[in-house]
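Reading the structure
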Amino acid sequence: MTTEFIALYFCNMYIDYLIIGQGLSGTWLSWYLQKENRSFLVIDNNQGNTPSKIAAGIINPVTGRRIVTTWMIDELLPFTWHAYSEIGHALDITAISQKNIIDFFPTAQMLDAFRKRIEEGADYIHSYPEQNHFNHLFNYDFGCGEIRPVYTAHTEIILPAWRTQLRKSGSLSEENFEFNQLVIKEDKIHYKEITADKIIFCDGASGFDNPYFRLLPFAPNKGEVLIAEIPGLPDHTIYKKGILLAPLAEKNLFWIGSSYEWDFTDIQPTKKFRDTTEQILKSWLKIPFKITDHKAGIRPATLERRPFVGFHPFHKSVGILNGMGTKGCSLAPYFAKQLVDHLLHQSPVLPEADVNRFHKILARS
Ligand SMILES: Cc1cc2nc3c(=O)[nH]c(=O)nc-3n(C[C@H](O)[C@H](O)[C@H](O)COP(=O)(O)OP(=O)(O)OC[C@H]3O[C@@H](n4cnc5c(N)ncnc54)[C@H](O)[C@@H]3O)c2cc1C
């Protein structure tokens, strides 16, 4: 062996998987790989205000003005409760809580729509017996209903706790991933001193510029939120009146949002959102509040509102877990597990989520 060969051999790191990103997607992917005793390294550049860091963590079984049941929710609710409880137990944190939504109807039409859904026998939507229960806290002229069960994934606790765990086990590299250092082979990849069987991108909104996947139909969506101190507001439920008011883990702190913007010029928080939301709060809340923060992030949403999961049809060692859109808290654990089962047990990825549905588009990358 030459000295050069020995130096190269001992500097190299050989792992099964290189994961780019430790948002919800990278967290759950690495969690399931660890459960299967696979070796991996997560590279994350710790960007501020990523959606995983500013999400409310709400797993809401219904959505939109017409209060329709969200995609796959009957399966996702029990799955996510189990998954977050399990990671919480392993990390000795509370990772998930049930916090149902009290839905205050902003208009008579919304009240009618809610009642109609109850009459149709829709799941998860319930009348609220004590209509005056919140009179001392909120102004509401058209009554309220309840959405139940609703879960909150405590992302602000889970992400740092898992990061600490990754750091301790030497499975985290806190750096920016650079594409010009990546060499793709048929059955492996090289990145700097690392050789891995596969690389899997969980890079969220950065994925819009990822040379392997940028042709996918991403639809970036900007979301803004306010954080407020509201002493005296009970924290065992989420409140909704057009916007959501959700309790955070820290006492008296609430998350208020959010906006959904498809057309935007930058990723900064805007005065318009702050002013409008503050006005809504002033007319809705009867108790004092103080805004303490204002954040904005870009959701990695997709045109058909379904995630991108699986391996590049023409670069078999390059994978993706992205496109979680507005529902990363429930979709990321579910599809991370599916991707790991696909990798290790050859089970199929759900066709609606499988990135191979875009093989014609990806042939051009
Ligand atoms: C305001 C707002 C509220 C939301 N509320 C909810 C909610 O209540 N419930 C819900 O289910 N979903 C919610 N979402 C959506 C949810 O947050 C996202 O679907 C989810 O966080 C996406 O996670 P991700 O891991 O795929 O991406 P990200 O969170 O973007 O994570 C990507 C990671 O990759 C890293 N990275 C990127 N590029 C590189 C690189 N080149 N080198 C190294 N590291 C890199 C970043 O630092 C980051 O840590 C919300 C989103 C927003 C914006």
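**Here's the deal with empty space enclosed by the protein**
In total, this model carries 1 cavity of 30 Å³ or more according to the counting rule given. Considered as a void within the structure, the largest cavity measures approximately 40 Å³ in volume. Considering the residues around the largest cavity, the lining is formed by Gly64, Arg65, Ile67, Asp103, Phe105, Met110, Phe114 and Lys240. Across the lining of the largest cavity, the residue classes tally to 4 nonpolar, 1 polar and 3 charged.

**So, the sheet that holds strand β6 (residues 96-98)**
The pairing of strands in a sheet comes from backbone hydrogen bonds and takes either a parallel or an antiparallel form. Overall, antiparallel pairing links the 3 strands, which are arranged β3-β10-β6 in an open sheet. Each edge of the open sheet carries a strand with a single partner, namely β3 (58-59) and β6. One ladder, built from 2 bridges, connects β3 with strand β10 (residues 151-153); its direction is antiparallel. Opposite Ile59, over in β10, you have Tyr151 as the bridge partner.

**Notes on the environment of Lys327**
Relative to the assigned elements, Lys327 resides in the loop between β21 (315-322) and α8 (328-345). The exposure class assigned to Lys327 is partly exposed, which follows from its relative accessible area of 28%. Dropping the residues within four chain positions of it, Lys327 is found in contact with Thr63 and Thr70.

**Focus on the site of the ligand**
Every one of the 37 residues lining the ligand counts as a neighbour, but Ser25, Asp44, Asn45, Ser52 and Gly325 are closest to it. Take Pro51: an N or O atom from its main chain is 3.1 Å from an oxygen atom of the ligand. Look at the ligand: alone it shows 1,000 Å² of surface, and the protein chains cover 95% of it. Elements represented by at least two residues in the shell around the ligand include exactly α2 (24-35), α3 (51-54), β15 (221-229), β19 (290-299) and α8. Residues that form the shell around the ligand fall into these classes: 14 nonpolar, 18 polar and 5 charged.

What counts, and where the lines are drawn
Residues numbered from 1 in each chain as written. Predicted model: local features only at pLDDT ≥ 70, side-chain atom pairs only at ≥ 80, totals over all residues. Heavy atoms only, no water. 1 Å grid on protein atoms, 1.4 Å probe; cavity = no way out; pocket = protein on both sides within 12 Å on 5 of 7 lines; lining within 4 Å. Points joined across faces, edges and corners; volume = space filled by probe spheres on them. Nonpolar A, V, L, I, M, F, W, Y, C, P; charged D, E, K, R; others polar. Pairing = 2+ DSSP bridges. Helix = DSSP H or I, 4+ residues; strand = E, 2+ residues; numbered from the N terminus. Buried < 20%, exposed > 50% of the residue type's maximum accessible area, 1.4 Å probe, protein only. Contact = heavy atoms within 4.5 Å. Near = heavy atom within 4 Å. Polar contact = N/O pair within 3.5 Å; in protein donor to acceptor, adjacent residues only side chain to side chain. Areas by Shrake-Rupley, 256 points an atom, 1.4 Å probe, with all protein chains shown as cover.

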